[in-house]
Amino acid sequence: MLGIQKKIDINDIIGISLFLLVFSIKLNSYAIIFTVIYIIYYIKKNSVPLKYRDYSQSIFLMYFFFMLISLMWTHDVQLGLKGLEKSFSLFLFPCLFLFFDLKVNLKKIFSYVVFGALSGFLFCLLYAYWTAYVTADIWTPFRYFNFTKSIGIHPGYLSIYLLISFIFLIEEFFKTTLKRPKYIYGFLCLMCSLSILYIGTKSVFFLLMSIYLFYIIRKATNKRKLIKFIFIFAIVVATLAFLFYNISYGFRTRVFFLLNGRYHNLGERYFIYEGMISIIKDNPLVRLIGLGVGGSQSFLMNYYAVNDLKIHLAKKLATHNIFFKAYLEQGVLGLFFLFSLFQGLRMKYFYKDISYFLFSFVFLSFGLIEHFLDLQHGVVFFSVINVLYYKKNNGL
């Protein structure tokens with residue numbers, strides 16, 4: 001898919017940076033710094049003109065700027081500065097990609113993302129089998145959080161990379177008319193789906209099923225065909241679920257605990273959300289200006305202590321919801337500017353570029369249960385791909 005290139009260009013640099021995001025946070029940090037320096041060098045060397053077409057370009061910067069302003073009234077300056085550092089990608093990449101006339105090939109960049117996500121999963125699988133063989137323990141290496149520990153990534157984020165790869169691949173599958181590429185894209189779609197199933201991240205699995213159903217409904221030409229597709233889809237899902245329940249330890253245990261109401265992450269999040277609602281009720285000003293960037297964590301820790309939530313206190317659990325966090329820290333305006341980052345959900349993109357629409361839908365849904373804007377694995381990937389999709393669709 002990557003093809004043979006005589007010369008590495010800007011697309012390769014961006015793609016390699018995203019590839020390293022899967023395998024190493026430290027290497028990726030250096031790769032991002034190198035990428036930014038390279039882009040600045042490229043802009044200067046080629047005299048790339050500055051372009052400002054309309055206010056919509058600036059909307060991508062507003063959430064970060066409002067976070068920066070809220071530092072003035074934050075309850076924890078140290079955490080606030082750390083929060084700005086983590087979210088700096090929300091400012092950096094829109095500035096580079098939207099305000100300069102850089103020629104970027106999104107398809108080429110995605111080839112690195114697909115390769116990184118699938119090779120990351122394969123490495124985790126082989127490493128887990130090797131560890132099981134060496135330790136004579138066939139269970140521990142395959143546990144949900146242990147499975148991706150070898151590459152230092154949360155299993156949920158690897159699953160998200162696989163899902164975004166799947167969205168790109170399935171669109172390419174339907175676009176191409178050539179037989180051989182269609183088989184390749186179809187095979188890679190299947191590999192992404194099976195990898196997500198094996199890892200066992202429930203939220204991403206449900207999103208994958210939703211996307212499959214979406215394409216079934218979209219491609220069905222009549223009611224009879226729709227019923228037929230949905231019936232086949234139900235059989236396939238049931239078969240795969242049965243198989244992976246028996247061969248994937250992570251998938252099996254997470255389904256088991258979910259059905260028995262004993263899976264701790266659900267309970268943890270319930271008390272976190274309950275705590276955030278309590279903080280909002282007790283602090284009316286939160287609704288207007290928020291607690292300031294980084295302020296939510298100290299209030300949550302206090303709530304855990306008062307309500308004797310020892311596990312939450314020991315783990316220092318954060319909001320696990322980007323929208324709750326934006327409302328808590330920047331008030332209603334912060335929440336508005338956060339929603340404005342999901343430009344792909346506008347109806348014009350539903351008809352113009354369904355991949356961009358689905359990308360935004362996936363991350364908005366993921367943001368309901370994860371604070372991905374606080375983690376490099378989430379914020380870098382989201383901010384880069386988000387602005388590149390927008391650039392592609394608006395001719396910037």
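Above this note sits the structure.
Notes on the structure in this doc start here.

Rules behind the numbers
Residues numbered from 1 in each chain as written. Predicted model: local features only at pLDDT ≥ 70, side-chain atom pairs only at ≥ 80, totals over all residues. Heavy atoms only, no water. Salt bridge = Lys/Arg side-chain N within 4 Å of Asp/Glu carboxyl O. Helix = DSSP H or I, 4+ residues; strand = E, 2+ residues; numbered from the N terminus. Buried < 20%, exposed > 50% of the residue type's maximum accessible area, 1.4 Å probe, protein only. Phe/Tyr/Trp six-rings, centres within 6.5 Å; stacked < 30°, edge-to-face > 60°. Lys NZ or Arg CZ within 6 Å of the ring centre and 35° of its normal. Contact = heavy atoms within 4.5 Å. Core = buried A, V, L, I, M, F, W, Y, C linked by side-chain atoms within 4.5 Å. Polar contact = N/O pair within 3.5 Å; in protein donor to acceptor, adjacent residues only side chain to side chain. Axes fitted to C-alpha atoms, helices over the stretch in contact; angles between N-to-C directions. Parallel < 35°, antiparallel > 145°, perpendicular 65-115°, else oblique. Left-handed = near helix turned anticlockwise from the far one by under 90°. Nonpolar A, V, L, I, M, F, W, Y, C, P; charged D, E, K, R; others polar.

**Digging into the pattern of salt bridges**
Close approach of charged atoms allows side chains with opposite charge to pair.
Next, step 1: With the rule as written, the count across this model stands at eight salt bridges.
Next, step 2: One salt bridge connects Lys103 with Asp101, and the closest N-O pair in it is separated by 3.5 Å.
Next, step 3: Among the salt bridges present, the one from Arg269 reaches Glu370, with a minimum N-O distance of 2.7 Å. Here the residue Arg269 occupies a position in helix α13 (residues 264-282), and Glu370 occupies one in the loop between α18 (354-367) and α19 (376-394), the gap between them amounting to 101 residues.
Next, step 4: Accessibility expressed as a relative area gives 12% for Arg269, which makes it buried.
Next, step 5: Look at Glu370 and you get buried, because its relative accessible area is 8%.
Next, step 6: Several salt bridges converge on common partners, so that one network encompasses Asp9, Asp12 and Lys108.

**Regarding unusual backbone geometry**
Next, step 1: Of note in the backbone geometry, Ser47 takes a positive phi value of approximately 50° without being a glycine.
Next, step 2: For Ser47, the location among the structural elements is in the loop between α2 (25-45) and α3 (59-69).
Next, step 3: With relative accessibility at 59%, the residue Ser47 sits in the exposed group.
Next, step 4: Positive phi, close to 55°, is recorded for His320, a residue that is not glycine.

**Some details on the packing of aromatic side chains**
Next, step 1: Under the counting rule described, the total for this entry stands at 47 aromatic pairs.
Next, step 2: One cation-aromatic arrangement involves Lys182 over Phe173; the distance from NZ or CZ to the ring centre is 4.5 Å.

**Re the side chain of Ser17**
Next, step 1: Topologically, Ser17 is positioned in helix α1 (residues 10-23).
Next, step 2: Of the residues examined, Ser17 reaches a relative accessible area of 7% and is grouped as buried.
Next, step 3: Once residues within four sequence positions are removed from consideration, Ser17 is found in contact with Asn28, Ala31, Ile32 and Thr35.

**As for the nonpolar core**
Next, step 1: The biggest cluster of nonpolar side chains holds 102 residues, and the ones touching the most others in it are Phe342 and Phe381.
Next, step 2: Apart from the residues within four sequence positions on either side, Phe381 is in contact with Leu18, Leu21, Val113, Tyr161, Ile164, Phe359, Phe363 and Gln376.
Next, step 3: One finds Leu291, Met301, Leu309 and Leu317 within the second-largest nonpolar core, a separate group that totals 14 residues.

**Concerning the side chain of Thr176**
Next, step 1: Along the chain, Thr176 turns up in the loop between α8 (155-175) and α9 (179-199).
Next, step 2: The exposure class of Thr176 is buried, given its relative accessible area of 16%.
Next, step 3: Engagement of the side chain of Thr176 in a polar contact is seen with the backbone nitrogen of Leu178, the distance being 3.3 Å.

**Observations regarding the packing of α18 against α19**
Next, step 1: Running from N to C, α18 and α19 point in directions that differ by 155°, and their axes come no closer than 10 Å. Between α18 and α19, the angle falls in the class roughly antiparallel. Crossing angle aside, the handedness with which α18 passes α19 is left-handed. For the pair α18 and α19, the contacting residues are Ser355, Tyr356, Phe359, Ser360 and Phe363 in the first and Phe381, Phe382, Ile385, Asn386, Tyr389, Tyr390 and Asn393 in the second.
Next, step 2: Residue composition of the contact of α18 with α19, by class: eight nonpolar, four polar and no charged.

Scope: geometric values only; no functional claims are made or implied.
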